[in-house]
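# Tertiary structure, described
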2 protein chains.
Amino acid sequence: MQNFEYCVPTRIVFGKGQIARLAALLSDDAKILMTSGGSSIHKNGVYEQVMAALEGKKVTEFSGIEPNPKYETCMKAVEIVRNEGIDFLLSVGGGSTLDGTKFIAAAAKYEGDDPWDILAKGAEVREMLPIGCVMTLPATGSEMNGWSVVSRISTTEKLSFWSQHSFPQFSILDPEVTKSLPPRQVSNGIVDTFVHVVEQYITYPVNTPVQDRQAEGVLLTLVEEGPKVFAHPDDYDVRANLFWAATTALNGWLAQGVVQDWAIHGIGHEITAFTGTDHAKTLALVLPALWKHQRKEKQEKLLQYARRVWNIQGDDANAVIDEAIAKTVAFFESVGISASRKAYGVTEEVCRQIESVFLNRGVRLGERGNLGGHEVYEILQLTAE
Amino acid sequence: MQNFEYCVPTRIVFGKGQIARLAALLSDDAKILMTSGGSSIHKNGVYEQVMAALEGKKVTEFSGIEPNPKYETCMKAVEIVRNEGIDFLLSVGGGSTLDGTKFIAAAAKYEGDDPWDILAKGAEVREMLPIGCVMTLPATGSEMNGWSVVSRISTTEKLSFWSQHSFPQFSILDPEVTKSLPPRQVSNGIVDTFVHVVEQYITYPVNTPVQDRQAEGVLLTLVEEGPKVFAHPDDYDVRANLFWAATTALNGWLAQGVVQDWAIHGIGHEITAFTGTDHAKTLALVLPALWKHQRKEKQEKLLQYARRVWNIQGDDANAVIDEAIAKTVAFFESVGISASRKAYGVTEEVCRQIESVFLNRGVRLGERGNLGGHEVYEILQLTAE
């Protein structure tokens, strides 16, 4: 096991009817900016529940934080924060709303010239406004971690920052509200969660049985519960299990002491940048190809995964790994994601452009740092046509 | 899944050489009281490492917190805290040292007449001194939870309190230092950890697959790693895995949304009170008997445990459960704990005394509240002679 430090101070408030807990979680003195995305919270009853809980408190509203939240939008909120003396941010929505809110919280307290430096130059985040969260979408895990991803229209960049100050003080997760999600977001959330886990698990072993078993536990839960949510969309427990799986997958718990990868995300982000494909769909496309390409380097963990998650037996390592990859693809299909280059517009030209991105950046991906532009191109060639 | 709230703000600093991190984790301005138990930290090099890291800081030492920490001892430390204006407590030792330190932290800030009321009357803990911890023994999980158990000599009571203020700010866990532990403490720690998990797992199902798999992951780790520590006492990874299993078992993570039991602990505590038997040994004695007694009530989870932890197949529920119980007992024996009434002095008279305790208290144990004095007596009769 590798050395690690772990500190996740967020209070998770999980379950039916828990949005009402906002009344007690927020001080009456706080000057709150409530941030949100589009119209979905008005359709699913979340807005009414939040407003009922906030009765008697000082609340300003800021809506319009888009999927892949924009720097430009966030900076409008920062102006409101400064003009109105806001001292608490309440994010009501999905991962994008929360990621944008985290950046607003950092930018509002940033003492340098340009808050974009937090993302572009890793400028130190010494202080942030406190954040609370009502999370409506199981997927990103942002409700229990310190990460934020923000895009800038003017420069077409998509960048991230992490800060210990960026953890929400509290996150309310009511699985009931996820019943109204469109199937596309549910499918994406399941695949996103699955790939979050494997980025922390399918690498090379460093003797971490607790963490491995817990990663496998989340994967097995997704495999068992994922298809159920489409067959029984009103089943509360299925919704609750998928929500808790998503939070568990990326709150750092599975990452402690292990070797991590994140190459699937690295390649997937570029596919989204060039084609606009949903994040989760790019992951479903890249994962099988990357595992085929790295089958030797990842062999021990892939065999463990095959055995423990899919109960595949056999002595021929290649055959076992191929079967595990096929079962993984079939699982993605069972939750509504049939990934293919053609469907997503990943043409030969796009593959070459992505190759160039990595060649130019000189970045090497993967837990062994062995994937440069050429290898990324090879992996793209191995994706399903 | 049941509703829950979860908030564990402790920073875990895990790994080789991490005691040196104390220098950065503690402010130079803090007036620190370093609390400890007996002589073990002087024998295993921990004291020297701590003192080296504390160089230049203001430190007062208080040693002598005993196993099953005593109220009377803790109150001596409270006097030092008050006289010297101590503003930070650093616990260096095992779970007893930390539990005592938590009580010191609460008592020193208690505004009522008698700090014992915190334990005896559940008096509200509004504020505590901040606590840091160097944990030297994998067992109680106190390093990442808000619980403290304290005894009082004058009244022969052993009571506990929990507070959100009671979580250590940080806990340093260096598996290297556990290599010098006596085998008896290692055995006890493994069994204690195992039973902590099953108290949160072998109850009745409420559809919590993530939590169940994670509980099973800790149990499987103990089963696989436990015997290795005696065969290879110098293996760092085995020590690290047992330490992380112990912390994971009782930091609340496995308990979220599930039904809990804690009857094994309830009965075990009385056996310790009447016979002085080690806590973990009482758990190893009671567990098989309680499962036999409650085999119908716990049937679904016992069958799941049999299948997933011990890979026992079969259609005869009773036979499967009996085999799972036998494998559990064999596991306890494989880590050095062969529990029996006779060896521990649990005579017929003691069984009747314990029955009376529960009859007089009117407490009913178990996840269904169906175990009163008579049932506890029946369970004691089912323990190994």
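Preceding block: the structure.
Before going into details, it helps to say that this report is about the structure given with it. (Residues numbered from 1 in each chain as written. Chains lettered and ligands numbered in written order. Predicted model: local features only at pLDDT ≥ 70, side-chain atom pairs only at ≥ 80, totals over all residues. Heavy atoms only, no water.)

## Examining the relation of the copies chain B and chain A
Rotating chain B by 180° about the axis while translating it 0.0 Å along that axis superimposes it on chain A, leaving an RMSD of 0.0 Å. Expressed as a symmetry operation, the mapping of one chain copy onto the other fits a two-fold axis. Closest approach to the rotation axis within chain B is made by the C-alpha atom of Pro-9 of chain B, at a distance of 2.0 Å. The share of interface residues of chain B whose copies in chain A are also at the interface is 100%, consistent with both copies meeting through the same surface. (Least-squares fit on C-alpha atoms with pLDDT ≥ 70 in both. Contact = heavy atoms within 4.5 Å.)

## A word on the interface of chain B and chain A
Contacts between chain B and chain A engage 42 residues on the former and 43 residues on the latter. Together chain B and chain A conceal approximately 3800 Å² of surface at their shared face, both sides included; 53% is due to carbon and sulfur atoms. By the criterion of area lost to chain A, the three top residues of chain B are Glu-5, Trp-244 and Trp-253 of chain B, representing 18% of everything that side buries. Inspection of the chain B/chain A interface yields six salt bridges. Note that Glu-5 of chain B and Arg-21 of chain A form a salt bridge whose closest N and O atoms lie 2.5 Å from each other. Connecting chain B to chain A are 17 residue pairs in polar contact (both at pLDDT 80 or more). Elements that contribute at least two residues to the side of chain B that touches chain A include exactly strand 1 (4-14), helix 8 (209-231) and helix 9 (236-249) of chain B. When grouped by side-chain class, the residues that make up the side of chain B that touches chain A number 20 nonpolar, 14 polar and eight charged. Sheet topology note: the strand 1 (residues 4-14) of chain A/strand 1 of chain B ladder contains seven bridges and is antiparallel. Note on strand 1 of chain B: the bridge partner recorded for Val-13 of chain A is Glu-5 of chain B. (Buried area = accessible area lost by both parts, 1.4 Å probe. Salt bridge = Lys/Arg side-chain N within 4 Å of Asp/Glu carboxyl O. Polar contact = N/O pair within 3.5 Å; in protein donor to acceptor, adjacent residues only side chain to side chain. Helix = DSSP H or I, 4+ residues; strand = E, 2+ residues; numbered from the N terminus. Nonpolar A, V, L, I, M, F, W, Y, C, P; charged D, E, K, R; others polar. Pairing = 2+ DSSP bridges.)

## Here's the deal with the pattern of salt bridges
Counting across every chain of the model gives 38 salt bridges over all chains. A salt bridge links Arg-308 of chain A to Glu-216 of chain A; its shortest N-O distance comes to 3.1 Å. Remark: Glu-216 of chain A occurs in helix 8 (residues 209-231) and Arg-308 of chain A occurs in helix 12 (residues 299-310); sequence separation between them is 92 residues. Given the relative accessible area of 30%, Arg-308 of chain A is considered partly exposed. The closest approach of N and O atoms between Glu-270 of chain A and Arg-361 of chain A, which form a salt bridge, is 2.7 Å. Of this pair, Glu-270 of chain A sits in helix 10 (residues 263-275) while Arg-361 of chain A sits in helix 15 (residues 348-361), and the two are 91 residues apart along the sequence. Since its relative accessible area comes to 10%, Glu-270 of chain A is described here as buried. Given the relative accessible area of 49%, Arg-361 of chain A is considered partly exposed. Overlapping salt bridges, with partners in common, bring together Glu-5 of chain A together with Arg-11 and Arg-21 of chain B in one network. (Buried < 20%, exposed > 50% of the residue type's maximum accessible area, 1.4 Å probe, protein only.)

## Concerning the pairing of strand 8 (residues 170-173) of chain A
Residues and elements named next belong to chain A. Across the two faces of strand 8 the burial is the same, with Phe-170 and Ile-172 and Ser-171 and Leu-173 all buried. Across four bridges, strand 1 lies against strand 8 in parallel orientation. The partner of Val-13 across the bridge, within strand 8, is Ile-172.

## Side note on the environment of Val-259 of chain A
Residue and element names in this part refer to chain A. Following the sequence through the fold, Val-259 ends up in the loop between helix 9 (236-249) and helix 10. The sequence separation of Val-259 and Lys-301 amounts to 42 residues, and the corresponding C-alpha distance is 11 Å. Setting aside anything within four residues of it in sequence, one finds Val-259 in contact with Gln-2, Gln-200, Thr-203, Tyr-204, Val-206 and Glu-367.

Shape is all these values report; function is a separate question.
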